Amino acid sequence: MARLQRQNALADALHQLGFQLGRNLPVPRLPGLPEPAASWTMDAYKQLGGVLRTPVLKPLGWDITTTGGLIVELDEEQHFNRYRAATLNTSWAVHLPWREDYLAYCSELEHIALKGHSGGGFWSSEGSVDQFGPAGPRRSLEGAGSPRWKQRAIYDALRDAAAAAGSVTLARVSVHDRVGAARLGDALRGHARLDLRALHALITSRTSNRDHLARSTPSQRDDVRFNSPARLATSPD
């Protein structure tokens, strides 16, 4: 429920900033991803310990899409760990605009992911075991670790590879990011005011392929508290 609440609040903020939402953009998948992104993704899959020679990687839909072609992904606590860091510590990811901040979050905030996202389907699932093998003990990242965390990391890497290759225009923001005086995750849950100008600046700085970024005019309001009902459909990432 928290994920849906925060995603809807971010969509509301983007709408207030002038972005037109709702374009149905295809999600990259493997097989089907063009080169060089396909090879980059396969290298990351092997680095994470993937057990299949020809994996079928089919992440679900984007978080938020716009009619101008910009895609915005909201990355929550479970995305920041050593597996995600491994996919960002690659030569092709060097110029991704979220890379440095995300590597810091992976290093400094992995304990948050372990505390809140290491049970049940967050740790292991049938599909992730097929891709990465059986899970290790819960909350232990030594040895086998978490196949579901690895699956989440490779799905993020697949999207990153498409962005690095210029196939999509992608902006990534994290619940750990600061927007003005507030943590983004707190603001999106209504626990703090969201500075729209700061959010616009963050999205602009985090957008790949910026030449294709749809132009928008920020709202005249500097902050807003969200208490709107959920409207977006969402699915596990």
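Residues numbered from 1 in each chain as written. Predicted model: local features only at pLDDT ≥ 70, side-chain atom pairs only at ≥ 80, totals over all residues. Heavy atoms only, no water.

**Student:** Looking at this structure, I do not really get helix H4 (residues 99-108). What am I missing?
**Tutor:** Side chains that are three or four residues apart share a direction in an α-helix, a result of its 3.6 residues per turn. Every buried residue of H4 is accounted for by Arg99, Tyr102, Leu103, Tyr105 and Cys106. All buried residues of H4 project into a common sector of 160° when viewed along the axis, lining one side. Turned more than 90 degrees off the buried face of H4, the exposed positions are Glu100, Ser107 and Glu108. Here the buried face of H4 lies against strand S2 (70-75), helix H3 (82-88), helix H5 (110-116) and strand S3 (169-174). (Buried < 20%, exposed > 50% of the residue type's maximum accessible area, 1.4 Å probe, protein only. Helix = DSSP H or I, 4+ residues; strand = E, 2+ residues; numbered from the N terminus. Arc of directions from axis to C-beta. Contact = heavy atoms within 4.5 Å.)

**Student:** In this structure, what is going on with the packing of helix H2 (residues 37-47) against helix H7 (residues 147-164)? I would like to understand it.
**Tutor:** Relative orientation of the contacting elements H2 and H7 amounts to 155°, with a least axis distance of 9 Å. Taken together, the axis directions place H2 and H7 in an arrangement best described as roughly antiparallel. Seen from above, H2 lies across H7 with right-handed handedness. Of the residues in H7, those in contact with Ala37, Trp40, Thr41, Ala44 and Tyr45 of H2 are Ile154, Ala157, Leu158, Ala161, Ala162 and Ala164. (Axes fitted to C-alpha atoms, helices over the stretch in contact; angles between N-to-C directions. Parallel < 35°, antiparallel > 145°, perpendicular 65-115°, else oblique. Left-handed = near helix turned anticlockwise from the far one by under 90°.)

**Student:** Would you take a moment to explain the pattern of salt bridges for this structure?
**Tutor:** Opposite charge on two side chains permits pairing when their charged atoms draw close. Enumeration according to the criterion identifies 15 salt bridges in this entry. The closest approach of N and O atoms between Asp156 and Arg172, which form a salt bridge, is 3.7 Å. One end of the pair, Asp156, is in helix H7; the other, Arg172, is in strand S3, with 16 residues separating them in the sequence. The residues Asp156 and Arg172 share a single accessibility class, namely buried. Shared partners join several salt bridges into a network, and the residues in it are Arg6, Glu76, Glu77, Arg183 and Asp186. (Salt bridge = Lys/Arg side-chain N within 4 Å of Asp/Glu carboxyl O.)

**Student:** Just to check I follow, could you spell out the packing of aromatic side chains for this structure?
**Tutor:** Pairs of aromatic rings are described using the distance from one ring centre to the other and the angle between the two planes. Taken as a whole and assessed by the stated rule, the structure comprises 6 aromatic pairs. Judged by centre distance (5.4 Å) and plane angle (5°), the ring pair of Trp40 and Trp92 falls under stacked. Taken together, the positions of Trp40 in helix H2 and Trp92 in the loop between H3 and H4 put the pair 52 residues apart, joining distant regions of the chain. An angle of 90° between the planes, with centres 5.6 Å apart, marks the rings of Phe80 and Tyr105 as edge-to-face. Of this pair, Phe80 sits in the loop between S2 and H3 while Tyr105 sits in helix H4, and the two are 25 residues apart along the sequence. In terms of burial, Phe80 and Tyr105 fall into one category: buried. Following the ring pairs from residue to residue traces out a cluster consisting of Phe80, Tyr102 and Tyr105. A cation sits over an aromatic face here: Arg159 above Trp62, 5.5 Å from the ring centre. (Phe/Tyr/Trp six-rings, centres within 6.5 Å; stacked < 30°, edge-to-face > 60°. Lys NZ or Arg CZ within 6 Å of the ring centre and 35° of its normal.)

**Student:** Whenever I open this one, the sheet that holds S3 confuses me. Can you help?
**Tutor:** Paired through their backbone hydrogen bonds, the strands of a sheet run either parallel or antiparallel. Strand order across the open sheet formed by 3 strands is S1-S2-S3, with mixed pairing between neighbours. Strands with a single pairing partner mark the edges of an open sheet, and in this sheet they are strand S1 (64-65) and S3. With 6 bridges connecting them, S2 and S3 associate as parallel partners. When the bridges of S3 are listed, Glu73 appears paired with Arg172. Relative to the sheet, helix H1 (residues 2-16) contacts S1, S2 and S3, its axis offset from that of S2 by approximately 145°. (Pairing = 2+ DSSP bridges.)

**Student:** I'm lost on the pairing of S3 in this one. Help?
**Tutor:** For a regular strand, side-chain orientation follows a simple rule: the groups alternate between the two sheet faces. When you tally the buried positions in S3, you get 6 out of 6 residues, the bulk of the element. Burial of the side chains of S3 extends over both faces: Thr169, Ala171 and Val173 are buried on one face and Leu170, Arg172 and Ser174 on the other.

**Student:** What's the story with H2 in this structure? I'm lost.
**Tutor:** Residues of H2 that are buried: Ala37, Ala38, Thr41, Met42, Ala44 and Tyr45. Buried residues of H2, seen end-on, are gathered within an arc of 160° and therefore sit on one face of the element. The elements touched by buried residues of H2 are H3, helix H6 (126-132) and H7.

**Student:** Explain the pairing of S2 to me, please; I cannot follow it from the model alone.
**Tutor:** Taking burial as the measure, the 6 residues of S2 include 6 buried ones, the bulk of the element. Here S2 shows a buried face lined by Leu70, Val72 and Leu74 and a second buried face lined by Ile71, Glu73 and Asp75. Inspection of the sheet shows S1 paired to S2 by 2 bridges, in the antiparallel sense. Directly across from Thr65, in S2, lies its bridge partner Ile71. Linkage of S1 to S2, two consecutive antiparallel strands, is achieved through a turn of 4 residues, within which Gly69 is found at a positive phi near 100°.

Function-wise, these values are silent; they only describe arrangement.
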